[in-house]
Amino acid sequence: MGRTQWADVDRYINATPVGEDEALAGAIRASAQAGLPPIHVSPAQGKLLHLIARLQGAREVLEIGTLGGYSTIWLARALPDGGRLVTLEAEPRHAEVARANLERAQVSSRVDLRVGRAQELLPALAAEGRPPFDLVFIDADKAGIPEYFAWALRLSRRGAAIIVDNVVRQGSVLDAASTDPSVQGVRRFNELLAAERRVSATTVQTVGTKGYDGFTLAVVVGD
Ligand code: SAH
Ligand code: DHB
Ligand code: MG
């Protein structure tokens, strides 16, 4: 038992209920060929994002951290006609690979990919007076999670889902004395959650092709 078995079972799950198709598998291949780090969500996690967006009836989705657009494709495919997904990416090279992947997956027309640091793009988004988001997926730098979560709350409607990736980090989240800014970002986020009356949240630990990690699901229950 251990990492190899988690990955084997994840591949089995991917081959059975998940149904990753050629556009998604191709996005991962193209991202690898372009030298992007293999840190996209797994197929099973991508499908979970897709299904949560469907359960939400999400029309307006925000993603922070695009990479090659793999999670973006799963989320964009959950949108109804007229739905929109805004995704933010700091690295122009990642965004370029994502654009081609989104094009091949035929979701470009519903995706607004913005290149820049989320810290700068989020205030600009707030100033646009656009409709509030129904779902926010936070998956950029982990030190930024507390700040991104505050923006997600500000930019989303009551009933919205906020999902935060990579919040367990092989259990290193327990290390209060850690000097890793990612660990401190997650710990600060958990402190905010504990004090935040506008959301109801849980965290689920995960194993699979990406090793041992976890995600937080928060629902905006008040304002
Ligand atoms: N959501 C993607 C994976 C994202 S990986 C998927 O599952 O397919 C994290 C991405 O966040 C990287 O591409 C990285 O360049 C980007 N990123 C890091 N810091 C950022 C910031 N401050 N603003 C916006 N994007 C950032
Ligand atoms: C990292 C980022 C991610 O979004 C992820 O899913 C895994 C790892 C990272 O920055 O190391
Ligand atoms: Mg992630």
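Residues numbered from 1 in each chain as written. Chains lettered and ligands numbered in written order. Predicted model: local features only at pLDDT ≥ 70, side-chain atom pairs only at ≥ 80, totals over all residues. Heavy atoms only, no water.

A. View of the nonpolar core. Among the nonpolar cores identified, the biggest contains 30 residues, and L62, I64, L88, L122, I138, F149 and I162 are the most heavily contacted of them. By residue number, the principal contributor to this core is helix α7 (residues 145-155), which donates seven residues. Non-local contacts of L122, meaning those with residues more than four positions away in its chain, are made with L62, I64, L88, Y148, W151 and L155. Counting residues in hydrophobic clusters, the runner-up holds 29 residues, among them A27, V41, A95 and L135. (Core = buried A, V, L, I, M, F, W, Y, C linked by side-chain atoms within 4.5 Å. Buried < 20%, exposed > 50% of the residue type's maximum accessible area, 1.4 Å probe, protein only. Helix = DSSP H or I, 4+ residues; strand = E, 2+ residues; numbered from the N terminus. Contact = heavy atoms within 4.5 Å.)

B. Up close: helix α8 (residues 181-195). Compared with an ideal rise of 1.5 Å per residue, which puts 15 residues at 21 Å, α8 spans 21 Å between its outermost C-alpha atoms and is within 8% of the ideal. Along α8, the positions that sit buried rather than exposed are S182, V183, G185, V186, F189 and L193. When α8 is viewed along its axis, its buried side chains cluster within an angular range of 160° and face the same direction. α8 presents P181, A194 and A195 as exposed residues on the side facing more than 90 degrees away from its buried surface. Its buried side turned inward, α8 meets α7, β5 (156-165), β6 (199-208) and β7 (211-220). (Expected span 1.5 Å × (residues − 1). Arc of directions from axis to C-beta.)

C. Structural view of the site of ligand 1. Near ligand 1 there are 23 residues, and of these G65, E89, H94, A118 and D139 occur at the shortest range. S71 places a side-chain nitrogen or oxygen 2.8 Å from a nitrogen atom of ligand 1. Protein contacts shield 90% of the accessible area of ligand 1, which totals 580 Å² for the unbound molecule. Contributing elements (two or more residues each) for the shell around ligand 1: α4 (70-76), β2 (84-89) and α6 (118-126). Counted by class, the shell around ligand 1 contains 10 nonpolar, seven polar and six charged residues. (Near = heavy atom within 4 Å. Polar contact = N/O pair within 3.5 Å; in protein donor to acceptor, adjacent residues only side chain to side chain. Areas by Shrake-Rupley, 256 points an atom, 1.4 Å probe, with all protein chains shown as cover. Nonpolar A, V, L, I, M, F, W, Y, C, P; charged D, E, K, R; others polar.)

D. Up close: the confidence of the model for the protein. Model confidence for the protein is summarised by a mean pLDDT of 97, while 100% of its residues fall at 70 or above. For the protein, helix α1 (residues 3-18) is the element with the lowest average pLDDT, namely 92, and strand β1 (residues 60-64) is the one with the highest, namely 99. (pLDDT = per-residue confidence, 0-100.)

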